[in-house]
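A structural walkthrough
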Amino acid sequence: MTKQFKELEDFLGTHFIYTYDNGWNYEWYAKNDHTVDYRIHGGMVAGRWVRDQEANIVKLTDGVFKITWTEPTGTDVALDFMPNENKLHGTIFFPKWVEEHPEITVTYQNDHIALMEESREKYETYPKLLVPEFATITYMGDAGQNNEDVISQAPYEGMIEDIQEGRYFDENYKKINR
Ligand SMILES: C=Cc1ccc(O)cc1
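Here we summarise the structure given alongside this text. The shown structure was predicted, so the numbers you read here are calculated from the model rather than taken from an experiment.

A few points about the overall build of the chain
Helices and strands together make up the secondary structure of the chain, namely five helices and nine strands. Moving toward the C terminus, one meets the helices and strands of the chain in the order α-β-β-β-β-β-β-β-β-α-α-α-β-α. The C-alpha atoms of the chain give 16 Å as radius of gyration, which agrees with the globular expectation for 178 residues (16 Å, within 12%). Dimensions along the principal axes, computed over C-alpha positions, put the chain at roughly 45 × 40 × 25 Å. Long-range pairs, those at least 24 residues apart, make up 55% of the contacts in the chain with a sequence separation of at least 6. Counting every atom, the chain has about 8500 Å² of accessible surface; 48% of that belongs to carbon and sulfur.

Listed below in structure tokens is the structure:
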């Protein structure tokens, strides 16, 4: 994808894969102007995936977009995308309990919201673990807004390669069933 991003409309509907400088691999989709989906392929909570997370999404200046949200786990996230430079900066604010029990969050969160909310009360919040990192975008796809096929199954070994090498989505950005 070689498009130039300028307005929020250019950004919404885009599907990204990127690697943080600490080696963590993430996949993230700007589903619409207030919703994000994502899948985590590497790092402290690899295997976690989430759909329909409400988020604040704004254009900061031409081609630069800021996304912020707070999760049922108590984790807060701020992402600054510079897609024209294939870069972003992400800051994740993990509550202490996620650092100590990451396995509780490694699931399809949408089916376990009550468990996340119970865990954030049961375990400790502070001190939080701050993870501020730049990332390099390795894949961008024009999925269109509200495409439920983009993030619709758990991450698996080789999924990133399947997506990047064109085996995962058809020409209409629908998941190829296998
Ligand atoms: C904790 C979620 C999360 C999702 C995407 C990203 O780049 C960082 C954190």
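There is more to say, and it comes next.
Here's the deal with the packing of aromatic side chains
In the structure shown here, the tally under the stated rule is 17 aromatic pairs. Ring geometry for Tyr 18 against Tyr 26: centres 6.4 Å apart, planes inclined by 10°, an arrangement best described as stacked. According to the relative accessible area criterion, Tyr 26 is buried, its value standing at 8%. Look at Tyr 168 and Phe 169: their rings are 4.8 Å apart centre to centre, the planes differ by 75°, and that puts the pair in the edge-to-face class. In this pair, the class of Tyr 168 matches that of Phe 169, namely buried. Among the aromatic side chains, those forming a connected cluster through ring pairs are Phe 11, Phe 16, Tyr 18, Tyr 20, Tyr 26, Trp 28, Phe 65 and Phe 81.

Quick look at the site of the ligand
Around the ligand, the structure places Tyr 18, Tyr 20, Tyr 26, Trp 28, Tyr 38, Trp 69, Glu 71, Val 77, Leu 79 and Ile 92. Within the side chain of Tyr 18, a nitrogen or oxygen atom sits 2.5 Å from an oxygen atom of the ligand. Measuring from an oxygen atom of the ligand, one finds a side-chain N or O atom of Tyr 20 at 2.5 Å. In the complex, 99% of the free accessible area of the ligand, which totals 270 Å², lies under the protein chains. When atom positions are compared with the pocket grids, the ligand is found to occupy the largest cavity. Of all the secondary structure elements, the ones that give two or more residues to the shell around the ligand are β1 (14-20), β2 (25-32) and β7 (76-82). Among the residues forming the shell around the ligand, the class breakdown is nine nonpolar, no polar and one charged.

Some thoughts on the side chain of His 89
Along the polypeptide, His 89 turns up in strand β8 (residues 87-94). Excluding residues within four positions of it along the chain, His 89 makes contact with Ala 78, Leu 79, Asp 80, Met 82, Pro 132, Glu 133 and Phe 134.

So, the nonpolar core
Phe 11, Tyr 18, Trp 28, Ile 67, Trp 69, Leu 79 and Phe 81 are the most contacted members of the largest nonpolar core, which has 34 residues in total. The set of elements that each furnish at least two residues to this core consists of β1, β2, β3 (35-40), β6 (64-70), β7, β8, α2 (96-100) and β9 (129-142). Counting residues per element, this core draws most heavily on β9, which supplies four residues. If we skip the residues at most four places from it in the chain, Phe 81 touches Phe 11, Phe 16, Tyr 18, Trp 28, Gly 63, Val 64, Phe 65, Ile 67, Lys 87, Leu 88 and Ile 137.

Calculation criteria
Residues numbered from 1 in each chain as written. Predicted model: local features only at pLDDT ≥ 70, side-chain atom pairs only at ≥ 80, totals over all residues. Heavy atoms only, no water. Helix = DSSP H or I, 4+ residues; strand = E, 2+ residues; numbered from the N terminus. Rg over C-alpha atoms; globule rule 2.2 N^0.38 Å. Contact = heavy atoms within 4.5 Å. Areas by Shrake-Rupley, 256 points an atom, 1.4 Å probe, with all protein chains shown as cover. Phe/Tyr/Trp six-rings, centres within 6.5 Å; stacked < 30°, edge-to-face > 60°. Buried < 20%, exposed > 50% of the residue type's maximum accessible area, 1.4 Å probe, protein only. Near = heavy atom within 4 Å. Polar contact = N/O pair within 3.5 Å; in protein donor to acceptor, adjacent residues only side chain to side chain. 1 Å grid on protein atoms, 1.4 Å probe; cavity = no way out; pocket = protein on both sides within 12 Å on 5 of 7 lines; lining within 4 Å. Sits in = over half its atoms within 2 Å of the grid points. Nonpolar A, V, L, I, M, F, W, Y, C, P; charged D, E, K, R; others polar. Core = buried A, V, L, I, M, F, W, Y, C linked by side-chain atoms within 4.5 Å.

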